[in-house]
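# A structural walkthrough
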Amino acid sequence: MNSEPTPDRILQTGLGFWPSKTLLSAIELGLFTELARGARSLGELQALLGLHDRGARDFFDTLVALGFLERKDGHYANTVETGLFLDRAKPSYIGGILEMANSRLYGFWGGLTEALETGLPQNEVKSGGPGLFETIYSDPARLEGFLAAMTGISHGSNIAIARQFPFADYATFADVGTAQGDLAAQIALANPHLRGVGFDLPEVGPIFEEYVAGVGVAGRVEFVSGSFFDRELPKADVILMGHILHDWDLPVKKMLIEKAYAAVPAGGALVVYESIIDDDRSKNAFGLMMSLNMLIETPGGFDFTGADCEGWMKAAGFQSTRVEHLVGPDSMVIGIKAT
Ligand SMILES: C[S@@+](CC[C@H](N)C(=O)[O-])C[C@H]1O[C@@H](n2cnc3c(N)ncnc32)[C@H](O)[C@@H]1O
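Just so it is clear, the model here is predicted, and its values are computed rather than measured.

## Quick notes on the layout of surface pockets
- Approximately 420 Å³ is the volume found for the second largest pocket.
- Lining the second largest pocket are 16 residues; nearest its centre among them are Tyr-93, Ala-148, Thr-151, Gln-180 and Tyr-211.
- At the level of secondary structure, the elements contributing two or more residues to the lining of the second largest pocket comprise α10 (140-164) and α12 (205-215).
- Of the residues in the lining of the second largest pocket, the class split is six nonpolar, eight polar and two charged.

Structure, rendered in structure tokens:
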């Protein structure tokens, strides 16, 4: 029997920015990092975070009600999840992407209607001037925040790719647009026989090198600097591109896939991983919203389906293609060059 229609899901989604911003402000204030040192009373937390009397109790109790904090005998503490994933002092910290969502995306998404009407980005490049990466990379703090955010959003998929892709058949890899280098590091950690490079813009180099050294794979993974608009891609058995193609319009997507085809030997592979939209474009809401995020963040970027990407790979010459799910909304599309 059909249940009566209710407005619940409409209201929940429509006001979804309330729980979202409450969590983002808690991360901005460093609440979970503070509580990782031990449970605190309302008064202690207010003093530590410099909060006004008026909203403090409602704020912490909202986080309890949302399941991001626990409260016992008037003392607030992290949950297992927030203690593990939102404490800046832990390697398992995934807050980088949420810090960027708070400092950049939250405001920019306010311009979604205008972006839908004009087709123009709503971020730093809105008022003209240099591209997204040049703009962000001109400020060392924003550069570090952006690269850490990429690790935050990709870490789960990076671990899955390192274990799921048949690297045993190959000896070298190149991660194009490697950012902090987490994918390159995870692949090297899980596949001791491999050597690889991370390829990215020059500003990224020192941050990449520090990261891979910190993970203990600096001896087998090195940084190659350059722009994929100005040069060929580094030659390797396997070329990987994570959240790269979605940044650009169709002609650039095709150019990058053609450059990857030229960079791998016979039998070599291209691995594209993103929040790949389902072919029916009706289920992977995150992938579709990531495409709206590209509308807001870039002049021509958009996300795509597995079938789209397989078609572009075949057009570039890749003989066999397949799509494999990774984790959450993410999947990889694999193209193999004929032997
Ligand atoms: C959205 S991030 C993706 C980072 C990482 N692959 C991931 O999935 O988490 C895009 C990356 O492309 C790099 N990039 C942008 N323009 C580039 C260019 N012209 N040549 C090489 N890398 C570039 C950026 O520096 C950044 O690291």
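Next comes the rest of the account.
## Details of the domain arrangement of the protein chain
- Here the protein chain is partitioned into domain 1 (8-85) and domain 2 (98-336).
- The centre of domain 1, based on its C-alpha atoms, is set 32 Å off from the matching centre of domain 2.
- Across the boundary between the two partners, domain 1 contributes six residues, which contact five residues of domain 2.
- Summing both sides of the interface, domain 1 and domain 2 together bury roughly 520 Å²; the carbon and sulfur share of this comes to 72%.
- For the pair domain 1 and domain 2, the number of links is zero salt bridges.
- Looking at the side of domain 1 that touches domain 2, its residues break down into three nonpolar, one polar and two charged.

## Quick notes on the packing of aromatic side chains
- For the structure on display, the rule yields 14 aromatic pairs.
- Summarising the aromatic geometry, the rings of Phe-208 and Phe-223 are spaced 5.3 Å apart at their centres and angled 50° between planes, so their arrangement reads as tilted. Here Phe-208 is found in helix α12, whereas its partner Phe-223 is found in strand β6 (residues 221-225), with 15 residues between them in sequence. Here Phe-208 and Phe-223 have matching classes, each one buried.
- Plain terms: the ring middles of Phe-228 and Phe-229 are 5.3 Å apart, the flat faces sit at 65° to each other, and that makes the pair edge-to-face.

## Re helix α11 (residues 182-190)
- The element α11 is extensively covered by neighbouring structure, given that seven of its nine residues are classed as buried.
- Among the residues of α11, those classed as buried are Asp-182, Leu-183, Ala-184, Ala-185, Gln-186, Ile-187 and Ala-188.
- Residues of α11 that are buried in the fold lie against α10, β4 (172-176), α12, β6, β7 (238-242) and β8 (269-274).

## Looking at the pattern of salt bridges
- Tallied over the entire structure, the rule returns 13 salt bridges.
- Here Asp-61 and Arg-71 are joined by a salt bridge, their closest N and O atoms 2.8 Å apart. Here Asp-61 is found in helix α5 (residues 53-65), whereas its partner Arg-71 is found in strand β2 (residues 69-72), with 10 residues between them in sequence.
- The class of Arg-71 is partly exposed, set by a relative accessible area of 46%.
- Between Arg-104 and Glu-297 there is a salt bridge, with the nearest N and O atoms lying 2.6 Å from each other. In this pair, Arg-104 is assigned in helix α7 (residues 96-108) and Glu-297 in helix α14 (residues 285-297), connecting sequence segments 193 residues apart.

Cut-offs and rules
Residues numbered from 1 in each chain as written. Predicted model: local features only at pLDDT ≥ 70, side-chain atom pairs only at ≥ 80, totals over all residues. Heavy atoms only, no water. 1 Å grid on protein atoms, 1.4 Å probe; cavity = no way out; pocket = protein on both sides within 12 Å on 5 of 7 lines; lining within 4 Å. Points joined across faces, edges and corners; volume = space filled by probe spheres on them. Helix = DSSP H or I, 4+ residues; strand = E, 2+ residues; numbered from the N terminus. Nonpolar A, V, L, I, M, F, W, Y, C, P; charged D, E, K, R; others polar. Domains from an automatic or database assignment. Contact = heavy atoms within 4.5 Å. Buried area = accessible area lost by both parts, 1.4 Å probe. Salt bridge = Lys/Arg side-chain N within 4 Å of Asp/Glu carboxyl O. Phe/Tyr/Trp six-rings, centres within 6.5 Å; stacked < 30°, edge-to-face > 60°. Buried < 20%, exposed > 50% of the residue type's maximum accessible area, 1.4 Å probe, protein only.

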